[in-house]
Amino acid sequence: MSDAPPRTPTDWSGELMQRRIARRYRAERRFRLLGLAAIALSAAFLIFLLGSMLTRGLGGFTETRIALPIDLKAAKLAVDPAHLKGRGADLALTGAGLEDAVDTAANAAWPAQGGSALLADGAWLRVREAVKADPTLLNGRATFDLPAATAIDIAYKGKGAAEDEATVAALGAQLSRGFNRDFLTGADSTDPTRVGIWGALKGSLMTMFVTIALAFPIGVLAALYLEEYAPHNRWTDLIEVSINNLAAVPSIIFGLLGLAVFLGTFGLPRSAAIVGGLTLALMTMPVIVIAGRNAIRAVPPSIRDAALGVGASPVQVVFHHVLPLALPGILTGTIIGVARALGETAPLLMIGMRAFIAAPPEKLTDPATVLPVQVFLWSDEVNRGFVEKTSAAIVVLLVLLLAMNGLAIYLRNKFETRW
Amino acid sequence: MRDNKPPKMTAGHVNVFYGDNQAISDVSIDIPQDEVTAFIGPSGCGKSTFLRTLNRMNDTVASARVTGEIRLDGADIYAREMDVVQLRARVGMVFQKPNPFPKTIYENVAYGPRIHGLAKGRAGLDRIVEESLVRAGLWNEVKDRLGDSGTALSGGQQQRLCIARAIAVDPEVILMDEPCSALDPVATARIEELIHELRGRYSIVIVTHNMQQAARVSQKTAFFHLGQLIEYGDTSDIFTNPREERTKDYITGRYG
């Protein structure tokens, strides 16, 4: 034994100890307050973001309408009633001069305020739809609620120029507001009252479809092979490092790759959903591989032993046991990766998806645009009517993202194994 | 009464390496047919490693290498023409920690017969599941809740479920790697009873740390130390009259 003096008994209730306890409690309180402040700050930012998007964007889902009385009988439209049924109806009404009739009626109704200039570009199309639905309208006078021009729309929503405000005041009760169905069914346009989000939404959905169809199976198979089959040597280490690096490569570089390979080498059509999907698949795949490997690694080895022990082949072990148990983790990682791809703009600009596309894409090879690019394009427009349309498009994009995250949570809970 | 049947499995001059580390050196042993053989020895002596070479579970360890020969009914199990999947169906295994699949009790037992195509139709599968659970002594406890998750059972029940899963594929040999080390004494007694009942129908090899357990359940005992087989013989001889000094020291608790 050493000859050091024996330890003095610890004084647990002395002043020194009390100070130490007080200091510990203070540190605890401070830490808790800091955490609370961080949460409160994030929540405040989130509420501010959502609030400002919603207050600005909701206007984009509505339109201002003007009540226009039209005497279609007096306009003497030369339309054979037999032609008002079926596919020829549009052509028949257009040929009969319906657009002129609407313009004439508008000029007569508001000679002082600018006549037909008060109406949005395609306002007469609403009259056409109404007549197609009810041909008896041709035989009398009727009042139609038609979409107003951009300037009137902005003024009626309270942000217009002085002269437009005066026009709005003069029109008074003839103006009303309604839900803009065209916004949800149309595509891009030069007139902000006529733009629609459906073209970009459909483009986004098609692009996502290509991305998921490619990146998910390839990513999962790669993760399974690397975890379950590949030997652990220098080559697989190199592959692992490369995959981790790929996940961190800036997205615009994938855009350049897509431009060079898919457009340049393979000659795929510019601006098409399939090229966008391929490019985003390249970007998403490493994320899926990493998430997949982590999920697969988290499956307890005892389950593999158990399955091998009753004579399951390696493939059976993977597909009967490992994959089902890893699926919730893989799906969560996939949806996070796809949600990131859904919000990507830069790589898609590189492959030409910034074009003005006035019709929703029908096929994967049709020219298309996607929601974030549409937001980018509209935010660049000079016309003030695009301001709220931009916010409305952002609202649609956020709703889509929330829906995808909701799906991720649902799938995770559905497939999760309770041990 | 014994020794008139040929041994079920024979091992000759088996060496196992993990990388440069030799875990088993020159072990030769005969596993008798339809009896219980116990492997005892201090931790890290290689008895579990040797057990895992008997159905080639060591294949899953990339650095493991086996030399020597192991024969099942005279056929070399490390030969090129031996199918590992079929070998593991013939030589089943029960692990240290109960590891039921996170599926229903029924699915746990039905999995093996299904992948090997042992059952004819749904009724045949039902019969195999019932038989296996009855033989594992679990039927009466679970017959009304076959649809419940296997992981919801207690530890002892889970281990008996794993035994039912192993015998459902009708193996010839069952390897048990410390099957009771995670269980309480009541559950342990239950498993030991079960081993008694299974004897005579299956050749059983059990690794255990518990010498009383080895003495109770086995007819043959092998004592491993530092990767070597020190002594192998009838259980009664090993425990009452060991030939080797080291065996005697171990079973009397001098070390280990």
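Residues numbered from 1 in each chain as written. Chains lettered and ligands numbered in written order. Predicted model: local features only at pLDDT ≥ 70, side-chain atom pairs only at ≥ 80, totals over all residues.

Participant: Quick question: what am I supposed to make of the overall build of chain B here?
Facilitator: A count of helices and strands for chain B gives ten helices and ten strands. Against the compact-globule benchmark of 18 Å for 256 residues, chain B has a radius of gyration of 18 Å, which places it among compact chains. In terms of principal-axis extent, the alpha carbons of chain B reach across some 55 × 45 × 40 Å. Taking all 256 residues of chain B together, the buried fraction comes to 44%. When contacts within chain B are restricted to residue pairs at least 6 apart in sequence, those whose partners lie at least 24 apart make up 68%. (Helix = DSSP H or I, 4+ residues; strand = E, 2+ residues; numbered from the N terminus. Rg over C-alpha atoms; globule rule 2.2 N^0.38 Å. Buried ≥ 20, exposed ≤ 12 C-beta atoms within 10 Å, placed from the backbone. Contact = placed C-beta atoms within 7 Å.)

Participant: Honestly, the overall build of chain A in this entry has me stumped. Any pointers?
Facilitator: A count of helical and extended segments in chain A gives 16 helices and three strands. By the compact-globule yardstick of 22 Å for 419 residues, chain A is too spread out, its C-alpha radius of gyration being 31 Å. The principal-axis extents of the C-alpha atoms in chain A amount to approximately 120 × 65 × 40 Å. Looking at the 419 residues of chain A, the share that counts as buried comes to 37%. Taking the contacts inside chain A whose residues are at least 6 apart along the sequence as the reference set, 75% of them involve residues at least 24 apart.

Participant: What's the story with the sheet that holds strand β1 (residues 9–18) of chain B in this structure? I'm lost.
Facilitator: Whether parallel or antiparallel, the strands of a sheet pair through hydrogen bonds between backbone atoms. All names here are of chain B. The sheet built from four strands is open, its strands ordered β2-β1-β4-β5 with antiparallel pairing. Every interior strand has two partners, whereas the edge strands, β2 (21–31) and β5 (75–76), have only one. With seven bridges connecting them, β1 and β2 associate as antiparallel partners. What sits directly across from T10, in β2, is D30. (Pairing = 2+ DSSP bridges.)

Participant: Mind showing me how you'd approach helix α13 (residues 314–342) of chain A here?
Facilitator: Helical geometry: 3.6 residues make up each α-helical turn, so side chains three or four residues apart lie on a common side. Between its first and last C-alpha atoms α13(A) spans 36 Å; for 29 residues at 1.5 Å apiece the expected length is 42 Å, and the helix comes up short by more than 12%. The sharpest bend along α13(A) measures roughly 50° and falls at L327(A), with the proline P328(A) sitting one to four residues further on. (Expected span 1.5 Å × (residues − 1). Bend = angle between axes of the 7 residues up to and from the residue.)

Participant: Looking at this structure, I do not really get the sheet that holds strand β8 (residues 203–207) of chain B. What am I missing?
Facilitator: Residues and elements named next belong to chain B. What the six strands build is an open sheet, ordered β6-β7-β8-β3-β9-β10; its pairing is mixed. Sheet topology places β6 (91–94) and β10 (228–234) at the edges, where each strand pairs with a single neighbour. Across the sheet, the axes of successive neighbouring strands diverge by a mean angle of 15°, strand direction being ignored. Sheet topology places β6 next to strand β7 (residues 173–177); four bridges connect them, and they run parallel. Residue pairing across strands places V91 opposite V173, the latter belonging to β7. The strands that helix α6 (residues 155–168) touches are β6 and β7; relative to β6, the one it contacts most, it runs at about 175°. (Axes fitted to C-alpha atoms, helices over the stretch in contact; angles between N-to-C directions.)

Participant: Would you mind going over the environment of T10(B) with me for this structure?
Facilitator: All names here are of chain B. Tracing the backbone shows T10 in strand β1. Accessibility expressed as a C-beta count within 10 Å gives 16 for T10, which makes it partly exposed. The sequence separation of T10 and P32 amounts to 22 residues, and the corresponding C-alpha distance is 8.6 Å. With sequence-adjacent residues up to four places away left out, T10 is seen in contact with D30 and R71.

Participant: I keep staring at the pairing of strand β1 (residues 62–71) of chain A and nothing clicks. Help me out?
Facilitator: It is a general feature of regular strands that their side chains alternate between the two faces of the sheet. Bridge count between β1(A) and strand β3 (residues 175–179) of chain A: five bridges; the pairing is antiparallel. Paired with E63(A) across the strands is G178(A), a residue of β3(A).

Participant: Teacher, can you tell me more about the interface of chain A and chain B here?
Facilitator: Interface size, as often reported, equals the accessible area lost upon joining of the parts. Listed per partner, the contact involves 17 residues of chain A and 22 residues of chain B. Of all elements in the fold, only α12 (301–309) and α13 of chain A reach the threshold of two or more residues within the side of chain A that touches chain B. At six residues, α12(A) tops the list of elements feeding residues into the side of chain A that touches chain B.

Participant: Looking at this structure, how should I read the packing of helix α1 (residues 15–57) of chain A against helix α16 (residues 386–415) of chain A?
Facilitator: The description of two packed helices rests on the angle between their axes and on the distance between the axes. Residues and elements named next belong to chain A. Here α1 crosses α16 at 125°, and the two axes come no closer than 8 Å. Of the possible angle classes, the one that applies to α1 and α16 is oblique. In the packing of α1 onto α16, the handedness of the crossing is left-handed. For the pair α1 and α16, the contacting residues are M53, L54, R56 and G57 in the first and E388, S391, A392, I394, V395 and L398 in the second. Each residue belonging to the contact of α1 with α16 can be placed in one class, and the counts come to six nonpolar, two polar and two charged. (Parallel < 35°, antiparallel > 145°, perpendicular 65-115°, else oblique. Left-handed = near helix turned anticlockwise from the far one by under 90°. Nonpolar A, V, L, I, M, F, W, Y, C, P; charged D, E, K, R; others polar.)

Participant: Even after reading the chapter, I still don't get the nonpolar core, so can you show me in this structure?
Facilitator: As a rule of thumb, soluble globular proteins bury nonpolar side chains together. Within the largest apolar cluster, 75 residues are counted, with the highest numbers of intra-cluster contacts made by F39(B), A164(B), L175(B), I204(B), V205(B) and I206(B). No other element matches the seven residues that α6(B) contributes to this core. Those residues in contact with I204(B) that lie beyond four places of it in its chain are V36(B), I174(B), M176(B), I195(B), L198(B) and R199(B). Judged by nonpolar contacts, the second largest core, of 62 residues, contains M208(A), A272(A), V338(A) and L371(A). (Core = buried A, V, L, I, M, F, W, Y, C linked by C-beta atoms within 7 Å.)

Participant: In this structure, what is going on with the environment of K157(A)? I would like to understand it.
Facilitator: Among the structural elements, K157(A) can be located in the loop between α5 (150–156) and α6 (162–171). With 94 residues separating them in the primary sequence, K157(A) and E63(A) have C-alpha atoms 9.3 Å apart.

Participant: Is there a simple way to think about unusual backbone geometry in this case?
Facilitator: Across residues other than glycine, the phi torsion is negative in most instances, and most of the peptide bonds are trans. Residues and elements named next belong to chain B. One non-glycine residue, D34, lies in the positive phi region at around 60°. Positive phi, normally seen in glycine, also occurs at D170, with a value near 55°. Checked against the element boundaries, D170 lands in the loop between α6 and β7.

Participant: Just checking my understanding: could you explain the domain arrangement of chain A for this structure?
Facilitator: Residues and elements named next belong to chain A. Split by domain assignment, chain A resolves into domain 1 (60–179) and domain 2 (198–415). Distance between the C-alpha centres of domain 1 and domain 2: 45 Å. Class assignment for the residues of the side of domain 1 that touches domain 2 results in two nonpolar, two polar and one charged. (Domains from an automatic or database assignment.)

Participant: Would you explain the environment of M211(B) in this entry?
Facilitator: Residues and elements named next belong to chain B. Looking at where M211 falls in the secondary structure, it is placed in helix α8 (residues 211–217). For the pair M211 and T104, spaced 107 residues apart in sequence, the C-alpha separation works out to 35 Å. Once residues lying within four places of it in the same chain are set aside, the contact partners of M211 are I40 and I251.

Participant: Would you take a moment to explain α6(A) for this structure?
Facilitator: Residue and element names in this part refer to chain A. Among the residues of α6, those classed as buried are D164, T167, V168 and L171. For α6, the angular spread of the buried residues around the axis is 100°, confining them to a single face. Residues of α6 that are exposed and point more than 90 degrees away from the buried face comprise A162, E163, A169 and A170. Considering only its buried residues, α6 is in contact with β1, α5 and β3. Phi turns positive one or two residues past the end of α6, at G172, with a value near 55°. (Arc of directions from axis to C-beta.)

Participant: Would you mind going over the packing of helix α3 (residues 105–115) of chain B against helix α4 (residues 121–135) of chain B with me for this structure?
Facilitator: Residues and elements named next belong to chain B. Interhelical geometry of α3 versus α4 gives an angle of 115° and a closest axis separation of 9 Å. Our pair here, α3 against α4, has a crossing hand that is right-handed. Contact residues: Y106, V109, A110, P113 and R114 in α3; L125, I128, V129, S132 and L133 in α4. Here the residues of the contact of α3 with α4 are counted per class, giving eight nonpolar, one polar and one charged.

Participant: Can you walk me through the confidence of the model for chain B in this structure?
Facilitator: Detailed reading of the predicted coordinates is not advisable wherever pLDDT is low. Summary statistics for chain B give a mean pLDDT of 89 and a share of 98% for residues scoring 70 or more. The element-level mean pLDDT for chain B is lowest in helix α10 (residues 245–251) of chain B, coming to 88, with β8(B) highest at 94. (pLDDT = per-residue confidence, 0-100.)

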